[in-house]
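Coordinates in review
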Amino acid sequence: MKSKKEKLSPQAERTKHHLKEAYVELINEKGYSHVSVTDIVQRAQYNRATFYLYYLDKPDLTEELLREMFQQIKRTSTERYEKGADILTSAMDADSFELISFVYDNRSFFNLYLVEDTIPGLHGELPQAIFEMLDEGFTFEGIGSDDINSTPFKLYMAHGTAGLILEWAKTGYEKSPKEMTGTLISIVRSFAAAFRVN
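Residues numbered from 1 in each chain as written. Predicted model: local features only at pLDDT ≥ 70, side-chain atom pairs only at ≥ 80, totals over all residues. Heavy atoms only, no water.

**A word on the environment of Leu-122**
- For Leu-122, the position within the fold is in helix 7 (residues 122-137).
- Of the residues examined, Leu-122 reaches a relative accessible area of 0% and is grouped as buried.
- Sequence separation between Leu-122 and Leu-66 is 56 residues, and the spatial gap between their C-alpha atoms is 8.3 Å.
- Contact partners of Leu-122, with chain neighbours within four places excluded, come to Leu-66, Phe-70, Phe-109, Leu-112 and Tyr-113. (Helix = DSSP H or I, 4+ residues; strand = E, 2+ residues; numbered from the N terminus. Buried < 20%, exposed > 50% of the residue type's maximum accessible area, 1.4 Å probe, protein only. Contact = heavy atoms within 4.5 Å.)

**Quick word on the packing of helix 8 (residues 151-170) against helix 9 (residues 177-191)**
- One way to put it is that helix 8 packs onto helix 9 with a least axis distance of 12 Å and a crossing angle of 155°. Classified by the angle their axes make, helix 8 and helix 9 are roughly antiparallel. The two elements helix 8 and helix 9 meet at a crossing, and its hand is right-handed. Each of Phe-153, Met-157, Thr-161, Leu-164 and Trp-168 in helix 8 lies in contact with helix 9, whose residues at this interface are Pro-177, Met-180, Thr-183, Leu-184, Ile-187 and Phe-191.
- Partitioned by chemical class, the residues of the contact of helix 8 with helix 9 number nine nonpolar, two polar and no charged. (Axes fitted to C-alpha atoms, helices over the stretch in contact; angles between N-to-C directions. Parallel < 35°, antiparallel > 145°, perpendicular 65-115°, else oblique. Left-handed = near helix turned anticlockwise from the far one by under 90°. Nonpolar A, V, L, I, M, F, W, Y, C, P; charged D, E, K, R; others polar.)

**Considering the sheet that holds strand 3 (residues 192-197)**
- An order of 1-3-2 is seen for the three strands of this open sheet, with the pairing classed as antiparallel. The sheet is open, and its two borders are formed by strand 1 (86-88) and strand 2 (138-142), each paired with just one other strand. Taking the axes of each pair of neighbouring strands and ignoring which way they run, one obtains an average angle of 25° across the sheet.
- Examined bridge by bridge, strand 2 and strand 3 share five bridges and lie antiparallel to one another. Directly across from Thr-139, in strand 3, lies its bridge partner Arg-196. (Pairing = 2+ DSSP bridges.)

**Let's talk about the nonpolar core**
- Phe-109, Phe-110 and Leu-126 are the most contacted members of the largest nonpolar core, which has 63 residues in total.
- Of the residues forming this core, the biggest block, eight residues, is contributed by helix 8. (Core = buried A, V, L, I, M, F, W, Y, C linked by side-chain atoms within 4.5 Å.)

**Some thoughts on the side chain of Thr-76**
- Mapping Thr-76 onto the fold places it in helix 4 (residues 58-78).
- Residue classification places Thr-76 among the buried positions, given a relative accessible area of 11%.
- If we skip the residues at most four places from it in the chain, Thr-76 touches Glu-98, Leu-99 and Phe-102.

**Focus: the packing of helix 1 (residues 10-30) against helix 2 (residues 37-44)**
- The contact between helix 1 and helix 2 brings their axes to 8 Å, and the two run at 115°. In this structure, the crossing between helix 1 and helix 2 has a hand that is right-handed. Across the interface between the two elements, His-18, Leu-19, Ala-22, Tyr-23, Glu-25, Leu-26, Glu-29 and Lys-30 of helix 1 pack against Asp-39, Ile-40, Val-41, Arg-43 and Ala-44 of helix 2.
- Looking at the contact of helix 1 with helix 2, its residues break down into seven nonpolar, one polar and five charged.

See the structure below:
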């Protein structure tokens, strides 16, 4: 893989962002299998040499795009809390976590889930990222359930949350992010009295 770990200049970061943005737009328009490197650079208004400076090929760009998006999903769900904090679910409000706002701000990416010819394997990525965030980031205090922190329960929560997000995308994001966050909080309150940030 060519994508570099070292710190990139702001200009390089901007270039990579433009390439990814163009790539997502093109998949939404004509499907993953019909998007070429030439299409991406033309849309982003760069040349092929610039693309190959950062990426080996389309799969390399895809891998970085997915990794970044799902790292951000995990970050936006936990970063507003201090480690070790105990949070009562009854005290949560629409500003309690930013996952739904993040989805809304990145609608172009999440609309890829609605494209028939989308990135291969994409559908498994969202519940997996949410599961990892729940598993690594939170310990729940259940209401009448001792196994609320078990892998099966957290997988169930992850797939349910992913399903809710995708239904929201299908409606064209009809509800506001605050309304959707409220729905999610109501669901969390139905099985958890509190949670600890790991």
